[in-house]
Amino acid sequence: MSSLIEDLIARKVFNNRGEETIEVDVITTTGFGRASAPAGKSRGKAEVAYYPQDGVDAAVKKIEEIIAPELAGLNADFQEEIDETLHEIDGSSNFKNIGGNTAFAISLANAEAAANSHGLLLFQFLGGNAATSMPYPLGNCISGGQHARGKSPDIQEYLALPHGAETFLEAVTANTKIHKKVGDALKKKSGTFNGGKSDEGAWIANIDTLDAFDVIAKACEEVGNELDFECGFGVDIASSSLWNEKEGNYVYTNEGTKRDTGEQLDFVKELIEKYHLAYVEDPFHEEDFQSFAELTRKTKNCLICGDDLFTTNTERLNNGIKINAGNAIIIKVNQIGTLSDAVETIDTAQRHGYDPVVSHRSGDTCDWHIAHLAVAYKCPIIKTGVVEGARIAKLNELIRIEHFLGNRAKMADLKIR
Ligand code: 2PG
Ligand code: MG
């Protein structure tokens, strides 16, 4: 079967925030693939540029006029060659000419088209017969920080992680129950709670940063007892959005507190110990590798994960590896641009004992490719919310994959260390 690329079709579509984004179809002689790009709100400074200066329309035009003619005739099976060609066409180090989201949509649509040309599902094509491990869903239940409005917790995300579940379906069931319980508790706790949710489908409530820990801890414990397996939780502090460079401290506006780096370290360490947190993302701002290393050294049984710190970038990850900064890394393909670049980062992470956490963006579409990436590359965690269409698209796709694999499916090897 031949996977020669015949054409690329690009269009402007919208994400769950109603923002313009790009969607690409890759058509091969015997197959077809389609992908659309997500967008972050709290972006790392080292992320690639999303679009050329004139936005999505300019990106669509570049695909039609420059990229489609270049890629036509290449073999979609050779992902690295396709991705390399995208780098060459762009010519910059951060995709500022064609756009990282343009590269993302082409790269993923190409992988999908190659799989489809061979009559395979994407995870099978990318991961082969060994691709049978299901990730644990890390699901946002309470939004704060840049993802919320009004008075809400300073911490960006409070995330359920049902790491005792024996199947993916069980794990998703747990997260939906935790999400619901959290909503019920917020209703009781906050007079102004009106059931509002963030882009990611997590609740937005006028409660204190610390009270939110008690709410999700209780919900996880109750659901864990009901389902008879361990449901842990964690947070994404998204510290770069709290960091005040000039003053050299983290500003917790709603709490009315400031913490210098040492105080931030003690604060996070105490939270990990008090709530037995299983996961903490971006506890420090994106240039503070040293504090990541110190926290990783001083805590155990908790994944210390870098998102803005690493931006899915192998070079930045290598900087972290040298001093053991963290033990987990967020993988967002559109932070770096192409699938091949992201796979290189996943490989590097796994060779050095870092857990790759494949992740959605707060602005996302119903594209489900990251579900396949998690299985293909044995990522032990997928971070993609609990409810809301763009999240459910990915979770339901994983439920389908688990169903498809039948008794070959097993939960990933996740050590909370
Ligand atoms: C994050 C993400 C996703 P955004 O910080 O981890 O939850 O947010 O997509 O806005 O960068
Ligand atoms: Mg993050």
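As a reminder, the structure under discussion sits directly above these lines.
Report on the accompanying structure.

Procedures and definitions
Residues numbered from 1 in each chain as written. Chains lettered and ligands numbered in written order. Predicted model: local features only at pLDDT ≥ 70, side-chain atom pairs only at ≥ 80, totals over all residues. Heavy atoms only, no water. Helix = DSSP H or I, 4+ residues; strand = E, 2+ residues; numbered from the N terminus. Rg over C-alpha atoms; globule rule 2.2 N^0.38 Å. Buried < 20%, exposed > 50% of the residue type's maximum accessible area, 1.4 Å probe, protein only. Contact = heavy atoms within 4.5 Å. Lys, Arg positive; Asp, Glu negative; His and termini not counted. Charge placed at Lys NZ, Arg CZ, Asp CG, Glu CD. Pairing = 2+ DSSP bridges. Axes fitted to C-alpha atoms, helices over the stretch in contact; angles between N-to-C directions. Polar contact = N/O pair within 3.5 Å; in protein donor to acceptor, adjacent residues only side chain to side chain. Parallel < 35°, antiparallel > 145°, perpendicular 65-115°, else oblique. Nonpolar A, V, L, I, M, F, W, Y, C, P; charged D, E, K, R; others polar. Donors = N, O, S within 2.8 Å, 3.2 Å for Na, K, Ca; no water. Near = heavy atom within 4 Å. Areas by Shrake-Rupley, 256 points an atom, 1.4 Å probe, with all protein chains shown as cover. Salt bridge = Lys/Arg side-chain N within 4 Å of Asp/Glu carboxyl O.

**Observations concerning the overall build of the chain**
Phase 1 of the analysis: Scanning the chain for helices and strands turns up 13 helices and 16 strands.
Phase 2 of the analysis: The C-alpha radius of gyration of the chain comes to 21 Å, within 12% of the 22 Å expected for a compact globule of 417 residues.
Phase 3 of the analysis: The principal-axis extent of the C-alpha atoms belonging to the chain is close to 60 × 50 × 45 Å.
Phase 4 of the analysis: Classification of the 417 residues of the chain by burial places 61% in the buried group.
Phase 5 of the analysis: A sequence separation of at least 24 residues applies to 70% of the contacts in the chain between residues at least 6 apart.
Phase 6 of the analysis: When the 42 positive and 63 negative side-chain charges of the chain are each reduced to one mean point, those points stand 5 Å apart.

**Description of the sheet that holds strand β11 (residues 279-281)**
Phase 1 of the analysis: An order of β5-β6-β7-β11-β12-β13-β14-β15 is seen for the eight strands of this closed barrel, with the pairing classed as mixed. Shown here is a sheet whose adjacent strand axes are inclined to one another by a mean of 30°, direction ignored.
Phase 2 of the analysis: Bridging between strand β12 (residues 303-306) and strand β13 (residues 328-331) involves two bridges; their strand directions are parallel. Considered in β13, the bridge of G306 is made with I329.

**Remarks on the side chain of N334**
Phase 1 of the analysis: Position of N334 among the secondary structure elements: in helix α10 (residues 333-336).
Phase 2 of the analysis: Among the residues examined, N334 registers a relative accessible area of 1% and is labelled buried.
Phase 3 of the analysis: At 3.0 Å, the side chain of N334 and the backbone oxygen of P38 are in polar contact.
Phase 4 of the analysis: Among the polar contacts listed, one links the side chain of N334 to the side chain of R361, at a separation of 3.1 Å.
Phase 5 of the analysis: Among residues more than four places away in sequence, those in contact with N334 are P38, A39, V48, Y50, N101, F104 and R361.

**Examining the packing of helix α2 (residues 79-90) against helix α11 (residues 339-351)**
Phase 1 of the analysis: Interaxial distance between α2 and α11 falls to 8 Å at its minimum, and their mutual angle equals 115°. One way to sum up the angle between α2 and α11 is to call them roughly perpendicular. Residues Q79, E80, D83 and H87 of α2 form the contact with α11, whose own contacting residues are L339, S340 and D341.
Phase 2 of the analysis: Among the residues forming the contact of α2 with α11, the class breakdown is one nonpolar, three polar and three charged.

**Comments concerning the coordination of the magnesium ion (ligand 2)**
A metal bound by six donors in octahedral fashion has ideal angles of 90 or 180 degrees, whereas one bound by four tetrahedral donors has an ideal angle of 109.5 degrees.
Phase 1 of the analysis: Those donors, D236 (OD), E281 (OE) and D307 (OD), are the protein atoms that reach the magnesium ion (ligand 2), and they lie 2.0 to 2.2 Å from it.
Phase 2 of the analysis: Here the donor residues of the magnesium ion (ligand 2) are spaced in sequence according to D-x44-E-x25-D. Separated by 45 residues along the polypeptide, D236 in strand β7 (residues 232-236) and E281 in strand β11 bring together distant segments of the chain.
Phase 3 of the analysis: Judged by its relative accessible area of 1%, D236 falls in the buried class.

**Thoughts on the sheet that holds strand β1 (residues 5-14)**
Phase 1 of the analysis: A sheet is described by the order of its strands in space; here three strands give the open sequence β1-β2-β3, paired in antiparallel fashion. With partners counted over all chains shown, the strands left at the sheet margins are β1 and β3 (32-36), one partner each. Adjacent strand axes in the sheet meet at a mean angle of 15° when their direction is disregarded.
Phase 2 of the analysis: Bridge analysis of strand β2 (residues 20-28) against β3 gives five bridges, and the strand direction is antiparallel. Across the sheet, V24 pairs through a bridge with A35, a residue of β3.

**What to know about the side chain of N140**
Phase 1 of the analysis: You can see N140 is positioned in strand β5 (residues 136-143).
Phase 2 of the analysis: A distance of 3.5 Å separates a polar side-chain atom of N140 from the backbone nitrogen of I142.
Phase 3 of the analysis: One polar contact links N140 to E200, side chain to side chain, over a distance of 2.8 Å.

**Brief notes about the site of ligand 1**
Phase 1 of the analysis: Around ligand 1 there are 15 residues in total, and K41, E157, E200, S362 and K383 lie nearest to it.
Phase 2 of the analysis: Separating an oxygen atom of ligand 1 from a backbone N or O atom of S42 is a distance of 2.9 Å.
Phase 3 of the analysis: Q156 has a polar side-chain atom sitting 3.0 Å from an oxygen atom of ligand 1.
Phase 4 of the analysis: Expressed as a share of its isolated accessible area of 310 Å², the protein-covered part of ligand 1 is 100%.
Phase 5 of the analysis: Of the residues belonging to the shell around ligand 1, the class tally is no nonpolar, six polar and nine charged.

**Brief notes about the pattern of salt bridges**
Phase 1 of the analysis: Under the counting rule described, the total for this entry stands at 29 salt bridges.
Phase 2 of the analysis: A salt bridge links R34 to E23; the nearest nitrogen and oxygen atoms lie 3.8 Å apart. Separated by eleven residues along the polypeptide, R34 in strand β3 and E23 in strand β2 bring together distant segments of the chain.
Phase 3 of the analysis: A relative accessible area of 39% means that R34 is categorised as partly exposed.
Phase 4 of the analysis: Three or more residues are tied together by salt bridges with common partners; here these are R11, E23, D25 and R34.

**Overview of the pairing of β5**
Strand residues, when the strand is regular, have side chains that alternate between the two faces of the sheet.
Phase 1 of the analysis: Most of β5 is tucked away, with eight of its eight residues classed as buried.
Phase 2 of the analysis: Note that β5 and strand β15 (residues 381-383) share three bridges and pair parallel. From the neighbouring strand, P137 faces β15, where its bridge partner is I382.

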